[in-house]
Amino acid sequence: MKQQFISSFSMFILFLHCANTFAQIPAAAPAQAPAVVVASPPAATPTQAAAPHGITNVTKILEKAGHFTIFIRLLRSTQEENHLFSALNDSSTGLTIFAPTDSAFSELKSGTLNTLSDGDKSELVKFHVVPTFLSTSQFQTVSNPLGTWAGTGNRLPLNVTSFPNSVNITTGLTNTSLSGAVYTDNQLAIYKIEKVLLPKDIFASNAPAPAPVAPAPGKPAKAVPAATVESPAASVDISSALIFTHNLVVGSAGLLASAMFSL
């Protein structure tokens, strides 16, 4: 009985020791799932939100190229800048622009642009825009006259002639050639020209008269003497002549009679 009690007491002591030992071991922290970071989309800047996809800024291109100050001013004052924005965003055929340089405008008679009405200025700008994209190689196959935003017809002719190394443009009042490509992206082509394309619809009545053609050099023409104007013949005093004749006859008769009596 005593031995059984000692054994039970020993088991009790061992149990207390084990319980104390487990109590001193810190419990493991529960595993935490990794935090999920959700990336928020970047806020659109005002420029990104305001700029529709696909619009090309023609005036910015011309400003970057330089030497197109007057043409840019016309695009803005006539509101054709906005027309270009809309056309490039909506059109599937693209645009071709012939852009005159500042030196091209300087060749016009002083004050020419100031004498134009707002409608004429708008037509002048439109006359430089073809409502389709044309690469330099496509000028070889286009049909003349080219249609422009200003229209077509005898008063608005625009004809192009393509050569191996150049493209010539004529309007009936202007004759010039493309002097380089400012910009091209298969939707918009901007070509530099050194003369302003003048439509007959506006400038035909104001065109200067052609200079007289100098005669071809040759043998000097003989001087033609001026016609001599003869004065009317002086009137003859007939009465004096008759008296003289009468006296001569009478005198001769008297001499003849004297001679006969002397015989």
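Everything numeric here is computed off the predicted structure, so don't read it as measured data.

(A) Up close: the side chain of Thr78. One can find Thr78 in the loop between helix 4 (69-77) and helix 5 (80-90). Looking at Thr78, its side chain comes within polar contact range of the main-chain oxygen of Leu74, at 2.6 Å. For Thr78, the contacting residues outside a window of four places in its chain are Lys121, Ser122 and Val125.

(B) Spatial organisation of the packing of aromatic side chains. Considering all chains together, one arrives at three aromatic pairs under this definition. Taking the centre distance of 6.3 Å and the plane angle of 35 degrees together, the rings of Phe98 and Phe139 count as tilted. One end of the pair, Phe98, is in strand 1 (residues 95-100); the other, Phe139, is in the loop between strand 2 (129-130) and strand 3 (159-163), with 41 residues separating them in the sequence. Of the residues examined, Phe98 reaches a relative accessible area of 0% and is grouped as buried. Here a set of aromatic residues connected by ring pairs shows up, and it is made of Phe98, Phe139 and Tyr191.

(C) Highlighting the nonpolar core. Residues Val58, Leu62, Ile97, Leu188 and Ile190 are the most contacted members of the largest nonpolar core, which totals 28 residues. Among the secondary structure elements, those contributing two or more residues to this core are helix 3 (58-65), helix 4, helix 5, strand 1, helix 6 (102-106), helix 7 (118-126), strand 6 (188-193) and helix 8 (200-203). Counting residues per element, this core draws most heavily on helix 4, at four residues. Among all residues touching Ile190, those that are not within four sequence positions of it are Val58, Ile61, Leu62, Ile97, Ala99, Gly180, Ala181, Val182 and Tyr183. Counting 17 residues, the second-largest nonpolar core is a separate cluster that includes Val130, Phe133, Leu134 and Tyr191.

(D) Looking closely at the sheet that holds strand 4 (residues 166-170). Strand order in this open sheet of six strands is 2-1-6-5-4-3, and the pairing throughout is mixed. Looking at which strands have only one partner, the edges of the open sheet turn out to be strand 2 and strand 3. Running at roughly 40 degrees to strand 6, helix 3 makes contact with strand 1, strand 5 (175-184) and strand 6 of the sheet.

(E) Seen up close, unusual backbone geometry. With an omega dihedral of -5 degrees, the bond running from Asn144 to Pro145 counts as a cis peptide bond. Here Pro145 lies in the loop between strand 2 and strand 3.

(F) Fine view of the pattern of salt bridges. Summed over all chains, the structure comprises four salt bridges. Note that Glu63 and Arg76 form a salt bridge whose closest N and O atoms lie 2.8 Å from each other. With Glu63 in helix 3 and Arg76 in helix 4, this residue pair connects regions lying 13 residues apart in the sequence. In this structure Arg76 comes out as partly exposed when scored by relative accessible area, which is 38%. Of the charged contacts in the structure, one is a salt bridge between Glu80 and Lys126, with a shortest N-O distance of 4.0 Å. One end of the pair, Glu80, is in helix 5; the other, Lys126, is in helix 7, and 46 residues separate them in sequence.

(G) The packing of helix 3 against helix 4, seen in detail. Between helix 3 and helix 4, whose axes approach to 10 Å, the crossing angle comes to 165 degrees. Taken together, the axes of helix 3 and helix 4 are roughly antiparallel relative to one another. Considering only the axes of helix 3 and helix 4, their crossing is left-handed. Residues Thr59, Leu62 and Glu63 of helix 3 form the contact with helix 4, whose participating residues are Phe71, Ile72, Leu75 and Arg76. Each residue belonging to the contact of helix 3 with helix 4 can be placed in one class, and the counts come to four nonpolar, one polar and two charged.

(H) Local environment of the pairing of strand 1. Of all six residues that make up strand 1, six are buried, and the element is covered over most of its length. Residues of strand 1 alternate between two faces, with Leu95, Ile97 and Ala99 on one and Thr96, Phe98 and Pro100 on the opposite face, all of them buried. Pairing of strand 1 with strand 6, which is carried by six bridges, proceeds in the parallel orientation. Paired with Ile97 across the strands is Ile190, a residue of strand 6. Direction of pairing for strand 1 relative to strand 2: antiparallel, over a ladder of two bridges. Its bridge partner lying in strand 2, Ile97 is registered against Val129.

What counts, and at which threshold
Residues numbered from 1 in each chain as written. Predicted model: local features only at pLDDT ≥ 70, side-chain atom pairs only at ≥ 80, totals over all residues. Heavy atoms only, no water. Helix = DSSP H or I, 4+ residues; strand = E, 2+ residues; numbered from the N terminus. Polar contact = N/O pair within 3.5 Å; in protein donor to acceptor, adjacent residues only side chain to side chain. Contact = heavy atoms within 4.5 Å. Phe/Tyr/Trp six-rings, centres within 6.5 Å; stacked < 30°, edge-to-face > 60°. Buried < 20%, exposed > 50% of the residue type's maximum accessible area, 1.4 Å probe, protein only. Core = buried A, V, L, I, M, F, W, Y, C linked by side-chain atoms within 4.5 Å. Pairing = 2+ DSSP bridges. Axes fitted to C-alpha atoms, helices over the stretch in contact; angles between N-to-C directions. Salt bridge = Lys/Arg side-chain N within 4 Å of Asp/Glu carboxyl O. Parallel < 35°, antiparallel > 145°, perpendicular 65-115°, else oblique. Left-handed = near helix turned anticlockwise from the far one by under 90°. Nonpolar A, V, L, I, M, F, W, Y, C, P; charged D, E, K, R; others polar.

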